[in-house]
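Architecture and fold: a report
In case you want the letters, here they are:
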Amino acid sequence: DASHSLQFGMDKTDDALVVNGFSSFDREASIQGTYLQWSGDFDGTNVTLGGRSDDHDEFNRHNTFRATASRQLDSNWRLRTAYGTGFKAPSLQELYDSSFGSNNPDLSPEESSSLELGIEYRHDNYHTSATLFNQKTTNLIRSEGIWPDVNFENVDDADSSGLELNTGISWQQAELSAALTWLD
């Protein structure tokens, strides 16, 4: 038996920033997005494929996607994996606001790709999981310095990889959980 679902959507975000103080300016930015996502369940294997297209009035069009799969191994164990790409435009504050440091109108948008592989265990009110991950970001936006000398800049390449462990137990209306992340 297989079940499928298809989702489609559109969104639009209009941002405006008006500053009167140490510096004065009035800026606006708009981003429109469309997305399509398909999900399927094939006898214990779940698959999701999705794509998104964002059109930013300053940074043009960027297309991203995500694919996930998980497999129920038995009544307690599930194996899962995911791969995706991302896009994040600089905020108006990062680009233009110099009230609390230095702006940088030359910032580029962040672009990323991520891969993860995990396993989880669930039994009654107990759960635990382990996830290996790797994320690569191009043009990561970071702030450097101490106020009032803060500068925004792009980092050419930033990589983050590691292992995340989660565990928890629930009873009645309460839950106790813990997480540990090791970053390389």
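Residues numbered from 1 in each chain as written. Predicted model: local features only at pLDDT ≥ 70, side-chain atom pairs only at ≥ 80, totals over all residues. Heavy atoms only, no water.

**Notes on the overall build of the protein**
Rules: The helix count covers DSSP runs of H or I at least four residues long, the strand count covers runs of E at least two residues long, and both are numbered beginning at the N terminus. As a reference, a globule follows 2.2 Å times the number of residues to the power 0.38, and the radius of gyration itself is taken over C-alpha atoms. Classification of residues uses two cut-offs on accessible area relative to the type maximum, computed with a 1.4 Å probe and protein chains only: under 20% is buried, over 50% is exposed, and between them is partly exposed. Between two residues, a contact is recorded if the distance between any of their heavy atoms is within 4.5 Å. Here the accessible surface of atoms and residues is derived via Shrake-Rupley with a 1.4 Å probe, and residues count as covered only by protein chains that are part of the display. We treat Lys and Arg as the positive residues and Asp and Glu as the negative residues; His and chain ends play no part in the count. A charge is said to be at NZ when it belongs to Lys, at CZ for Arg, at CG for Asp and at CD for Glu.
A count of helical and extended segments in the protein gives 1 helix and 9 strands. Since a compact globule built from 184 residues should have a radius of gyration of about 16 Å, the 21 Å found for the protein marks it as more spread out than a globular shape. Counting all 184 residues of the protein, 27% fall into the buried class. The long-range fraction of contacts in the protein, counting pairs at least 24 apart against all pairs at least 6 apart in sequence, stands at 49%. Put simply, the protein shows about 12,100 Å² of open surface, and 51% of that area lies on carbon and sulfur atoms. Positive and negative side-chain charges of the protein, numbering 12 and 30 respectively, have mean locations separated by a distance of 5 Å.

**Here we look at the pairing of strand β4 (residues 60–72)**
Rules: When DSSP finds two or more bridges between a pair of strands, those strands are recorded as paired.
Note: strand β3 (residues 45–56) against β4, 12 bridges, orientation antiparallel. Along β4, the bridge assignment pairs Asn-46 with Ser-70. In this structure, β4 lies alongside strand β5 (residues 77–88), joined through 7 bridges in antiparallel fashion. By the bridge assignment for β5, Thr-68 is matched with Ala-82.

**Some remarks on the packing of aromatic side chains**
Spelled out, the test is: In summary, the pairing rule links any two rings of Phe, Tyr or Trp, Trp by its six-membered ring, whose centres are within 6.5 Å, and it sorts them by plane angle into stacked for under 30 degrees, edge-to-face for over 60 and tilted for everything else.
A full pass over the atoms with the stated rule returns 4 aromatic pairs. On the basis of an interplanar angle of 45° and a centroid distance of 5.7 Å, the ring pair of Phe-65 and Tyr-83 is categorised as tilted. Of the two residues, Phe-65 is situated in strand β4 and Tyr-83 in strand β5; the sequence distance between them amounts to 18 residues. According to the relative accessible area criterion, Phe-65 is partly exposed, its value standing at 41%. Residue Tyr-83 is classed as partly exposed on the basis of its relative accessible area, which comes to 33%. Their ring planes at 55° and their centres at 6.3 Å tell us that Tyr-121 and Tyr-126 sit as a pair that is tilted.

**Some thoughts on unusual backbone geometry**
Unlike most non-glycine residues, Asp-43 shows phi in positive territory, near 50°. Here Asp-43 shows up in the loop between β2 (25–42) and β3. For Asn-60, which is not glycine, the phi torsion reads 65° and is therefore positive. Here Asn-60 shows up in strand β4.

**Points about a nonpolar patch on the surface**
In plain terms, the rule: Each patch is built from residues that are more than 30% exposed by relative accessible area and take part in no salt bridge. Like charges join if they lie within 9 Å; nonpolar side chains (Val, Leu, Ile, Met, Phe, Trp, Tyr) join within 5 Å. When a carboxyl oxygen of Asp or Glu is within 4 Å of a side-chain nitrogen of Lys or Arg, the pair counts as a salt bridge.
Residues Leu-73, Trp-77, Leu-79, Leu-117, Ile-119 and Leu-132 make up a contiguous nonpolar surface patch of roughly 520 Å² in combined accessible area. Counting residues per element, the ones that place at least two in the nonpolar patch are β5 and β6 (110–123). Residue placement: Leu-79 occurs in strand β5.

**Regarding the environment of Thr-138**
Examined against the element boundaries, Thr-138 turns out to sit in strand β7 (residues 126–144). By relative accessible area, which is 34% here, Thr-138 ends up partly exposed. Taking the C-alpha atoms as reference, Thr-138 lies 36 Å from Gly-44; in sequence the two are 94 residues apart. Apart from the residues lying within four places of it in its own chain, the contact partners of Thr-138 are Pro-109, Glu-110, Glu-111, Val-155, Asp-156 and Asp-157.

**A short note on the nonpolar core**
What counts here: Here, nonpolar core refers to any group of buried Ala, Val, Leu, Ile, Met, Phe, Trp, Tyr and Cys residues whose side-chain atoms link them within 4.5 Å.
Listed in full, the 12 residues of the largest apolar core are Leu-17, Val-19, Phe-25, Ala-29, Phe-59, Phe-87, Ala-89, Leu-92, Leu-95, Tyr-96, Leu-107 and Ile-141. Those elements that provide at least two residues to this core are β1 (2–19), β2 and α1 (92–96).

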